[in-house]
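A look at the structure
Listed below are the residues making up each chain.
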Amino acid sequence: MAGADADDALLVLTAMLLTPARFPSVLGDDYVAACAALALEPYEEGYGLVLGQDGEGARWTVVVDDVSLVAVAIAAWDCGMAHDLSPDERSVVCALPGWPLALTVAAPGVPAPHDPETDGLGPAPLAPPDPESWGPAQRRLGADEIAERWALWREQIDDAVFVRPDGERRGEAAEGTGSDGAGSENSGGPGSGSGDEPGSGSTVGGGGAEPGAPAAGRHPGVRRALSEAVAYTRTPPPPGRIRSVFASAATRTLRVDGPGWSMVARTDDIALILLDEEPGAVLPVGRGPALPGLLEALGALAPHPV
């Protein structure tokens with residue numbers, strides 16, 4: 001294992017893919033940026049990331065080029081099946097100290113997880129983003145959480161108070177709101193609330209979020225995000241800016257990112273936008289006449305992982 005004792009076996013805890021269709025959002029807005037965060041070339045085939053501990057308990061992220069091996073392991077684990085993930089040394093690209101995400105598990109029989117001693121040589125240890133702050137990484141993690149728990153978040157949205165793609169508010173609840181604000185007094189901030197369920201200030205990417213907080217009809221951040229999303233349909237963005245995953249037989253969940261914003265949408269429903277300048281706020285965009293076509297066009301640009 002490069003950067004560690006070659007004889008020190010890695011005790012594998014989890015793994016993830018780093019491909020144009022699927023990668024840890026914490027690393028960047030797109031696949032190229034995610035690879036750059038790990039000093040990797042953005043090869044089309046991608047990589048597998050194997051997270052574990054060495055015999056001393058130190059955290060390591062091992063990058064391998066055997067994507068299929070890692071994908072099979074992840075699929076087995078997702079089905080609740082035991083599967084041994086032991087990458088061949090020849091497939092190891094590099095070993096990076098630390099983990100890019102916080103893990104709640106640890107290997108048995110070794111010291112508690114800690115960063116390895118590198119004596120200042122090589123890259124700084126990878127570390128998860130600060131859960132008490134809000135920024136691009138937390139915004140993307142928040143969007144990931146919404147995508148994974150769409151139904152729980154969607155039921156918190158009052159359809160009478162979201163913004164349409166054309167900038168108009170829907171329903172009587174829109175009356176009396178400002179034309180350039182970011183929502184209402186219910187908009188959450190980092191650490192707001194104490195519940196664990198969406199709608200009670202649950203942690204989203206490290207910052208609290210209040211789903212259903214209405215976006216003002218002409219919020220500049222929402223308009224910017226939608227404008228840039230439309231631009232993607234004319235000039236395709238870097239790989240990974242648009243991702244699509246299965247939701248149901250006829251529906252996909254889209255994850256779209258751009259500088260300072262993230263979008264989560266169901267192709268048969270509304271879109272939710274998170275902004276760097278609105279810590280923790282989840283800003284709904286109603287379907288209206290424009291959104292269905294935009295989502296269809298974005299979905300057509302996204303790679304569809306099997």
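My aim in this report is to walk through the structure given alongside it, one point at a time. Small disclaimer: the values here were computed from a predicted structure and weren't measured.

**Looking at the overall build of the protein chain**
When its secondary structure is counted, the protein chain shows six helices and 11 strands. Evaluated residue by residue, the protein chain yields a buried proportion of 47% over its 306 residues. Accessible surface computed for the protein chain: about 14,100 Å², of which carbon and sulfur atoms make up 52%.

**A short note on the pattern of salt bridges**
Per the stated rule, a full pass over the model turns up 13 salt bridges. The salt bridge involving Arg-241 is made with Asp-30; its shortest N-O contact spans 2.8 Å. Highlighted residues: Arg-241 in the loop between helix 5 (220-234) and strand 7 (242-248) and Asp-30 in the loop between strand 1 (11-18) and helix 1 (31-37), separated in sequence by 211 residues. Here Arg-241 and Asp-30 have matching classes, each one buried. Of the charged contacts in the structure, one is a salt bridge between Arg-154 and Asp-269, with a shortest N-O distance of 2.7 Å. One end of the pair, Arg-154, is in helix 4 (residues 150-154); the other, Asp-269, is in the loop between strand 9 (261-266) and strand 10 (271-275), and 115 residues separate them in sequence. The pair formed by Arg-154 and Asp-269 is uniform in burial state, with each residue classed as buried. Bridged by salt links that share partners, the residues Asp-29, Arg-139, Arg-140, Asp-144, Arg-243, Arg-255, Asp-257 and Asp-276 form one connected network.

**Observations regarding the pairing of strand 10**
Of all five residues in strand 10, five are buried, a share of seventy percent or more. The alternating pattern of strand 10 places Ala-271, Ile-273 and Leu-275 on one face and Leu-272 and Leu-274 on the opposite face, and all of these are buried. Summarising the sheet, strand 9 and strand 10 pair through five bridges and their orientation is antiparallel. Across the sheet, Trp-261 pairs through a bridge with Leu-275, a residue of strand 10. Linkage of strand 9 to strand 10, two consecutive antiparallel strands, is achieved through a turn of four residues. Examined bridge by bridge, strand 10 and strand 11 (residues 283-285) share three bridges and lie antiparallel to one another. When the sheet's bridge partners are listed, Ile-273 is paired in strand 11 with Leu-283.

About the cut-offs
- Residues numbered from 1 in each chain as written.
- Predicted model: local features only at pLDDT ≥ 70, side-chain atom pairs only at ≥ 80, totals over all residues.
- Heavy atoms only, no water.
- Helix = DSSP H or I, 4+ residues; strand = E, 2+ residues; numbered from the N terminus.
- Buried < 20%, exposed > 50% of the residue type's maximum accessible area, 1.4 Å probe, protein only.
- Areas by Shrake-Rupley, 256 points an atom, 1.4 Å probe, with all protein chains shown as cover.
- Salt bridge = Lys/Arg side-chain N within 4 Å of Asp/Glu carboxyl O.
- Pairing = 2+ DSSP bridges.

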